[in-house]
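# Examining the three-dimensional arrangement
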Amino acid sequence: MDYTIGVDVGGTFTDVVLGGTCGAIAVAKCLSTHYDPIAGIVTGVTRALGDRDPAQVRRVVHATTLATNAVLERKGVRVAFVTTQGFRAAVPLGRYARVEEDRYDLRFSPPPPPVAAGDCFEVVERVSARGAVLTPLDLDSVRRAAAAITARGITSAAVCLLHAYANPAHERQVAELLRESIPDVVTSSEIWPEIREYERATTTIMSAYIGPLMASYLSQLRERLAEIGIRAPVHVMESSGGVISAELAARRAVATIESGPAAGVLAAAGAGFPDVISFDMGGTTAKACVVRGGAPEITNEFHVGGKGSFGGRRAGTGVPIKTPAIDLAEVGAGGGSVAWLDAAGALRVGPHSAGSSPGPACYGLGGSEPTVTDANLVLGYLSSASLPLTPDLAAKALDRLASPLGVSREEAAYAVHEIVCASMASAVHVVTVQRGIDPRGFALVAFGGAGPMHAARVAERFGIGTVVVPAHCGVASAAGLLTGALSTDRVLSRLDAPDPSAVFTALTADAAADLGVSPSDPGVLVSRSVDVRFKGQSHDLTVEWTPSREVLASRFFARYEEVYGIAQRGDIELVSYRIRLTAPDVSAPVSRPSPSPSPSPGPGPGPEDTTPSSDPHQHFGAGAAGGGTAEPGATRAAGPRGRRVYFPEAGGYADVPVHTRDTIAGAPLHGPAIIEDAESTIVVPPGWTAALAETRAVHLTRSTTCQTS
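My aim in this report is to walk through the structure given alongside it, one point at a time.

Rules behind the numbers
- Residues numbered from 1 in each chain as written.
- Predicted model: local features only at pLDDT ≥ 70, side-chain atom pairs only at ≥ 80, totals over all residues.
- Heavy atoms only, no water.
- Helix = DSSP H or I, 4+ residues; strand = E, 2+ residues; numbered from the N terminus.
- Buried < 20%, exposed > 50% of the residue type's maximum accessible area, 1.4 Å probe, protein only.
- Contact = heavy atoms within 4.5 Å.
- Areas by Shrake-Rupley, 256 points an atom, 1.4 Å probe, with all protein chains shown as cover.
- Pairing = 2+ DSSP bridges.
- Axes fitted to C-alpha atoms, helices over the stretch in contact; angles between N-to-C directions.
- Salt bridge = Lys/Arg side-chain N within 4 Å of Asp/Glu carboxyl O.
- 1 Å grid on protein atoms, 1.4 Å probe; cavity = no way out; pocket = protein on both sides within 12 Å on 5 of 7 lines; lining within 4 Å.
- Points joined across faces, edges and corners; volume = space filled by probe spheres on them.
- Nonpolar A, V, L, I, M, F, W, Y, C, P; charged D, E, K, R; others polar.
- Phe/Tyr/Trp six-rings, centres within 6.5 Å; stacked < 30°, edge-to-face > 60°.
- Core = buried A, V, L, I, M, F, W, Y, C linked by side-chain atoms within 4.5 Å.

Okay, the overall build of the protein chain next. Across its full length, the protein chain holds 17 helices and 35 strands. Residues classed as buried in the protein chain amount to 57% of the 709 residues present. When contacts within the protein chain are restricted to residue pairs at least 6 apart in sequence, those whose partners lie at least 24 apart make up 69%. For the protein chain, the accessible area works out to roughly 27,000 Å², and carbon and sulfur atoms hold 52% of it.

In structure tokens, the structure reads:
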């Protein structure tokens, strides 16, 4: 048997899923090791493998937050920016939007630019928007810039010349000279040759900023996996949901910034409903995304590291990145989010997280601040029956919050629960209502360690009547990696190119070379699209390509009306040409793994409901009996237990049944109730009914008498 391993490293937990050709699956979940992320990966992989032969692993697919964290924490390498004479100040000046509390700050200071003004350099050259050379490249100016960069001790450079998308010759010459003295040099024509110099510059800078870190990290990951006998190719998930080789990920590191969240959306897309809202809540953040017709929404530009951007669409908040990414909204709301009182005495939750170290107070690792996990333990949504937490520590943390608020412990805990649900609902609002989509016709697919605990309450806020909790929901992002296809995107801006077919052919050849395949190979698929705008307008919309100008215009008109709500007609022009190439992965197992029933793990607390062993970074709970293969026909769990759980509809604490997926098979379960997994806990509030589907997903249905408009 051959195996594929999916590894998702999050802010709190590292999830590992092992899939095989027969569809068997084993999972492992352990605390993320921020001092050395690979240590947590090796621990999880070793647990998931069990006694299997590591030489049988044919593929490792990885989703990582390395790039995102490097940008957010400003821990990338120092970068020199090289551009056309006269444009050196474009990046230091930047674009900033005053949002949230900054709107009222009379002493507002914009965040520092991605490259300091002193590290920006100019070279003498100029080409037109059509690619004509207006000023030849002055090689001496390049040598002077190289000498100045070297003198500053900078080892990474980003080259973005004006209109290099139309003619990359000057950029290539500049890069060739810089590489004589600077180890890492990237150019905009290599990374993302698309119109708009500021966004193209920041995208190139971010690739140079995180590229050396990514290359070093992936090299170490391969070495550490080889030490435990795994010498399979390592692939990395792109922001757009495709999978690329580790080598390509190192060269185009900027394409992995939204790597982790993308994997979870793929898992939600396979939940069996055509239109769903992906809802992923882990220990640090919560993410939401819309999937329509089985395909997630894709954006060609997003912003990272800004305030109030949620879905990353608000210009001036964070650094703009011009690469395809699954269009999602993310908020700092997770199981580890800390509850606190602001200066006015109001209760706030997040965005700061206790993370994996010290973690929530109930972990017993030294944390003392009240978190969402502590509140859920106090409310009875979580239990310490199987992997003991410390309820007393959670109670003490909530008491310190309740006292200044003048409320009881359970009232404070439920307030924390409600606030974090409202915060997560704001992410759903961004990707639905704010974009003109009525969420009531969608199913909410909940996963992540904490998602199923809060999903029903989030759904209630929008009148959503169906919640789906997939099998192995606690590690769904890692499971989604197993379904990712080898694919990559390419773009080229050419204003009304005379021969679009030639442009698409060249882009397809480049993309195929990235994946090490031929465009004519069996199973290789190529999708083509084009950016179109009205003549005289600045911005464009992406539509599916067709050689017919009339059909293309009609598609653009329809898309324009859908986005802006205005029926408009007029002359159009083509701006950029895009392709997405997908190839079969010959290194992967022949059959796609699918979740199978796991032996009953007992009471099965969720990942927030666990106490680590003497080593806090060791295994934190696993499905399939501690990493063993989950075989069909596993032994059914014992009958349901019961415990006291807090529901306002019940007047406070009430005795409710506690089930596993096995004990609800065959008959609907009416709330209030709790369903416990090895990796997560499902809360079924009053007015909701739970049923087990053939796929072992739990479907929650809200009573029609409780539906809201």
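This next bit is on the sheet that holds strand β5 (residues 79-84). Taken in spatial order, the four strands of this open sheet run β6-β5-β9-β10, and their pairing is parallel. Strands with a single pairing partner mark the edges of an open sheet, and in this sheet they are β6 (120-123) and β10 (184-187). Averaged over all adjacent pairs, the angle separating strand axes in this sheet is 25 degrees, with direction ignored. In the sheet, β5 pairs with β6 via four bridges, with the strands oriented parallel. The partner of Val82 across the bridge, within β6, is Phe121. The strands touched by helix α4 (residues 139-151) within the sheet are β5 and β6, with β6 carrying the most contacts at an inclination of about 165 degrees. Against the sheet, helix α7 (residues 197-227) touches β5, β9 (156-159) and β10, its axis set at about 160 degrees to β9.

Close approach of charged atoms allows side chains with opposite charge to pair. Counted by the stated rule, this structure contains 33 salt bridges. Between Glu194 and Arg578 there is a salt bridge, and its shortest N-O distance comes to 2.6 Å. Within this pair, whereas Glu194 is found in the loop between α6 (188-191) and α7, its partner Arg578 is found in strand β28 (residues 572-583), the two being separated by 384 residues in sequence. For the pair shown, Glu194 and Arg578 are each scored as buried. Residue Asp327 is joined to Arg435 by a salt bridge in which the shortest nitrogen-to-oxygen separation is 3.0 Å. Of this pair, Asp327 sits in the loop between β19 (325-326) and β20 (328-331) while Arg435 sits in the loop between α12 (409-431) and β23 (443-447), and the two are 108 residues apart along the sequence. One connected set of salt bridges, linked through shared partners, spans Glu194, Glu301, Lys322, Asp531 and Arg578.

Attention now goes to empty space enclosed by the protein. Applying the stated criterion across every chain, the model contains four cavities of 30 Å³ or more. In this structure, the second largest cavity occupies an estimated 80 Å³ of space. Surrounding the second largest cavity, Phe81, Thr83, Thr84, Phe87, Ala90, Val91, Cys160, Leu161, Leu162, Glu197, Tyr198 and Ala201 form its lining. For the lining of the second largest cavity, the elements supplying multiple residues, two or more each, are β5, α3 (90-93) and α7. For the lining of the second largest cavity, the class distribution of residues is nine nonpolar, two polar and one charged.

With that settled, the discussion passes to the packing of aromatic side chains. For the structure shown, the criterion picks out eleven aromatic pairs. A centroid spacing of 4.9 Å and a plane angle of 70 degrees characterise the contact between Phe534 and Phe556, whose relative ring orientation is edge-to-face. Taken together, the positions of Phe534 in strand β26 (residues 525-534) and Phe556 in helix α16 (residues 549-564) put the pair 22 residues apart, joining distant regions of the chain. Taking the relative accessible area as the measure of exposure, Phe534 reaches 5% and is therefore buried. In this structure Phe556 comes out as buried when scored by relative accessible area, which is 1%. On the basis of an interplanar angle of 75 degrees and a centroid distance of 5.4 Å, the ring pair of Tyr646 and Tyr653 is categorised as edge-to-face. Relative accessible area serves as the criterion here: at 28%, Tyr653 is assigned to the partly exposed category. What links up through ring pairs into an aromatic cluster is the set Phe534, Phe556, Phe557, Tyr560 and Tyr564.

What follows concerns the environment of Met214. With respect to the helices, strands and loops of the structure, Met214 is situated in helix α7. Taking the C-alpha atoms as reference points, Met214 and Gly76, separated by 138 residues in sequence, lie 9.8 Å from one another. Apart from the residues lying within four places of it in its own chain, the contact partners of Met214 are Thr64, Leu66, Ala67, Ala249, Ala250, Ala253 and Thr256.

A few words now on the pairing of β26. Bridge count for β26 against β28 is ten bridges, and the pairing is antiparallel. Within the sheet, the bridge partner assigned to Val526 lies in β28 and is Leu581. With antiparallel pairing between neighbouring strands as the criterion, β26 and strand β27 (residues 541-544) make up a hairpin whose turn holds six residues, including Gly536 at a positive phi of roughly 95 degrees.

One finds Tyr381, Met424, Val467 and Leu700 to be the most contacted residues of the largest nonpolar core, which totals 95 residues. Looking at which element gives the most residues to this core, the answer is α12, with twelve residues. Residues contacting Val467, with those up to four places away along its chain left out, are Leu444, Ala446, Ala455, Ala456, Ala459, Trp688, Val698, His699 and Leu700. In terms of nonpolar packing, the next biggest core, distinct from the first, is built from 83 residues, Ala28, Ala201, Ile205 and Leu581 among them.

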